[in-house]
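Inside the fold
Chain by chain, the residues:
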Amino acid sequence: MAKIKVGILGATGNVGQRFIQALDNHPWFEISALAASERSAGKKYGEVADWKIGTEIPETVEDIEVVTIDPKKIDADIVFSALPADLAMTVEPAFAKEGFVVASNASAFRMEEDIPLTIPEVNPDHLELIDVQKKNRNWDGCIITNPNCSTIMMAVTLKPLLQFGMESINVATMQAISGAGYNGIYAMSIYDNVVPYIGGEEEKIETETLKIFGEFDGGKIKNAPFKVSASCNRVPVIDGHTEAVWATLKDDPKPETVRDAFLKFDPGLSHLPTEPKHPIIVRDEPDRPQPRLDRDMGNGMSVSVGRIREGIRYVALGHNTIRGAAGASVLNAELLKEKGYL
Ligand SMILES: NC(=O)C1=CN([C@@H]2O[C@H](COP(=O)(O)OP(=O)(O)OC[C@H]3O[C@@H](n4cnc5c(N)ncnc54)[C@H](OP(=O)(O)O)[C@@H]3O)[C@@H](O)[C@H]2O)C=CC1
Ligand SMILES: N[C@@H](CC(=O)OP(=O)(O)O)C(=O)O
């Protein structure tokens, strides 16, 4: 079977490199185009990408000539967007208009009424918003988005708890510095320190979660009725967002019941190449999960949980630029292919 051609917008960046890692040797997709700014265009990817992942740049992309972000320069069926959000705001609709499927990691369109904000294990039915979107906007292509990196870790773990009746969620995050981008925060600001503010992050967690758990009636999404309250902190960790979650559940289940629900969670997606064997991993040690030890579980796609206590209280952790960014987008694209949108 011929592979589906994919392009990466923002291919030289932090998340763009994670896309390349996730798509190298992918059984269904092959990278056919890499796009970035004028600074990089016209040069070989291997020359311009300041590769920050601790593996070699894949040989398959080293000699690809980087192009500018222009639909006419890209031969692909789907483009993955790892662009800054302000740029995504104009670029992503231009690609959708030209017939591309755009799987976006940027925040620009996540909360638009007719644009899916999807996590395959949580709300796969929301992908059907694509049909509404194409009709509304008269596009041949479409945009689908994955959530903010903190929202997604929490949402994956909330899915098996829905059965107990969700009343409210409180979360305190401890977010890695890679979430701010390679040059996002000075070492002098974060070393020996915690910064209790990440612009816009709390609002994103509080609103995106309600859309993700909202009910899709075939036309639009009615937001979930529970309350989410977030408090976000930047901590001196390179990769891996850790979250302390308090979930108020109507049935007041015991910690052992919640542990069992996490263990039994099986979204039935094991046929998708990027889906980890265990989307949720339960750690019983009193001091886990930890970013250094748990962020790479399931090739960076598993969310680890631990410290499940009465309340219900627990800690969740996942890799922010893999499960929280590029890996999430690639998993969405695999689901799109399975559902016939690609
Ligand atoms: N799901 C999530 O929560 C996460 C989302 N993100 C989002 O992913 C996106 C990328 O983040 P990150 O990889 O850290 O950013 P980087 O700054 O590392 O990379 C940005 C990329 O965009 C390109 N770019 C920048 N400006 C322009 C321009 N004017 N024209 C064309 N290309 C341009 C850069 O190309 P060049 O190298 O040529 O300058 C580079 O490839 C952001 O929207 C970020 O918010 C990030 C982390 C997690
Ligand atoms: N704000 C996130 C990363 C990010 O870029 O999120 P978003 O795609 O929602 O802007 C972090 O700092 O860890």
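Cut-off values and rules
- Residues numbered from 1 in each chain as written.
- Chains lettered and ligands numbered in written order.
- Predicted model: local features only at pLDDT ≥ 70, side-chain atom pairs only at ≥ 80, totals over all residues.
- Heavy atoms only, no water.
- UniProt positions renumbered as here; feature names shortened; annotations may be inferred.
- Patch = residues over 30% accessible without salt bridge, like charges linked within 9 Å, V, L, I, M, F, W, Y side chains within 5 Å.
- Areas by Shrake-Rupley, 256 points an atom, 1.4 Å probe, with all protein chains shown as cover.
- Salt bridge = Lys/Arg side-chain N within 4 Å of Asp/Glu carboxyl O.
- Lys, Arg positive; Asp, Glu negative; His and termini not counted.
- Charge placed at Lys NZ, Arg CZ, Asp CG, Glu CD.
- Helix = DSSP H or I, 4+ residues; strand = E, 2+ residues; numbered from the N terminus.
- Buried < 20%, exposed > 50% of the residue type's maximum accessible area, 1.4 Å probe, protein only.
- Near = heavy atom within 4 Å.
- Polar contact = N/O pair within 3.5 Å; in protein donor to acceptor, adjacent residues only side chain to side chain.
- 1 Å grid on protein atoms, 1.4 Å probe; cavity = no way out; pocket = protein on both sides within 12 Å on 5 of 7 lines; lining within 4 Å.
- Sits in = over half its atoms within 2 Å of the grid points.
- Contact = heavy atoms within 4.5 Å.
- Pairing = 2+ DSSP bridges.
- Axes fitted to C-alpha atoms, helices over the stretch in contact; angles between N-to-C directions.

As annotated in an unreviewed UniProt entry, the protein chain is Aspartate-semialdehyde dehydrogenase from Methanimicrococcus stummii. Recorded under Function (unreviewed entry), the UniProt text for the protein chain is reproduced unchanged: "Catalyzes the NADPH-dependent formation of L-aspartate-semialdehyde (L-ASA) by the reductive dephosphorylation of L-aspartyl-4-phosphate." What UniProt states about the protein chain under its Catalytic activity (unreviewed entry) heading is, verbatim, "L-aspartate 4-semialdehyde + phosphate + NADP(+) = 4-phospho-L-aspartate + NADPH + H(+)".

So, on to a negative patch on the surface. A contiguous patch of negative charge on the surface is contributed by Glu 167, Asp 251, Asp 252, Glu 256 and Glu 310. Residue placement: Glu 167 occurs in strand 6 (residues 166-175). Note on Glu 167: relative accessible area 42%, which makes it partly exposed.

So, about the pattern of salt bridges. Evaluation of the coordinates by the stated rule reveals 14 salt bridges. Of the charged contacts, one joins Glu 285 and Arg 283 as a salt bridge, the two residues approaching to 2.5 Å between their closest N and O atoms. Since its relative accessible area comes to 28%, Glu 285 is described here as partly exposed. Residue Arg 283 is classed as buried on the basis of its relative accessible area, which comes to 18%. Through salt bridges with shared partners, a single ionic network connects Arg 283, Glu 285, Arg 288 and Asp 294.

Attention now goes to the site of ligand 1. Around ligand 1, the structure places 26 residues, and the nearest of them are Thr 12, Arg 39, Ser 40, Leu 83 and Cys 149. The backbone of Gly 10 places a nitrogen or oxygen atom 3.2 Å from an oxygen atom of ligand 1. Side-chain polar atom of Asn 105 to an oxygen atom of ligand 1: 3.1 Å apart, as the coordinates give it. For ligand 1, whose free accessible area comes to 930 Å², the fraction covered by protein is 74%. The cavity where ligand 1 resides is the largest pocket. For the shell around ligand 1, the elements supplying multiple residues, two or more each, are helix 1 (14-23), helix 4 (85-97) and helix 11 (322-338).

A word on the UniProt feature "binding site: substrate" (unreviewed entry) in the protein chain. Following the UniProt record, one finds the feature "binding site: substrate" (unreviewed entry) at Gln 175, Glu 201 and Arg 234. These residues run over 60 residues, yet every pair of their C-alpha atoms falls within 10.7 Å of each other. Among the annotated residues just listed, those lining the largest pocket are Gln 175, Glu 201 and Arg 234. Within the element layout of this structure, Gln 175 appears in strand 6. Judged by its relative accessible area of 1%, Gln 175 is buried. Contacts of Gln 175, omitting those with residues within four sequence positions, involve Ser 150, Ile 198, Glu 201, Cys 232, Asn 233, Arg 234, Val 235 and His 241. Relative to the helices and strands, Arg 234 resides in strand 9 (residues 227-234). Once you skip the residues sitting within four places of it in the chain, Arg 234 turns out to touch Gln 175, Ala 176, Ile 177, Gly 179, Ala 180, Ile 185, Ile 190, Val 194, Val 195, Ile 198 and His 241.

Looking now at the sheet that holds strand 12 (residues 303-309). The pairing of strands in a sheet happens through backbone hydrogen bonds and is either parallel or antiparallel. Here we have 6 strands laid out as an open sheet, ordered 9-6-10-13-12-11, and mixed in their pairing. The open sheet terminates on both sides in strands that have one partner only, identified here as strand 9 and strand 11 (280-282). Strand-to-strand twist across the sheet, computed as the mean angle between neighbouring axes with direction ignored, equals 25°. Judged from the 4 bridges that link them, strand 12 and strand 13 (residues 313-318) form a sheet pairing that is antiparallel. Looking at the pairing, Val 305 lines up with Ala 316 of strand 13.

Look at the UniProt record and you will see "binding site: NADP(+)" (unreviewed entry) annotated at Thr 12, Gly 13, Asn 14, Val 15, Arg 39, Ser 40, Ser 178, Gly 179, Asn 320 and Thr 321. Their sequence span is 310 residues, while the largest C-alpha to C-alpha distance among them is 26.7 Å; these annotated residues do not converge on one region. Among the residues just listed, Thr 12, Gly 13, Asn 14, Val 15, Arg 39, Ser 40, Ser 178, Gly 179, Asn 320 and Thr 321 line the largest pocket. Counting through the fold element by element, Gly 13 comes out in the loop between strand 1 (4-9) and helix 1.

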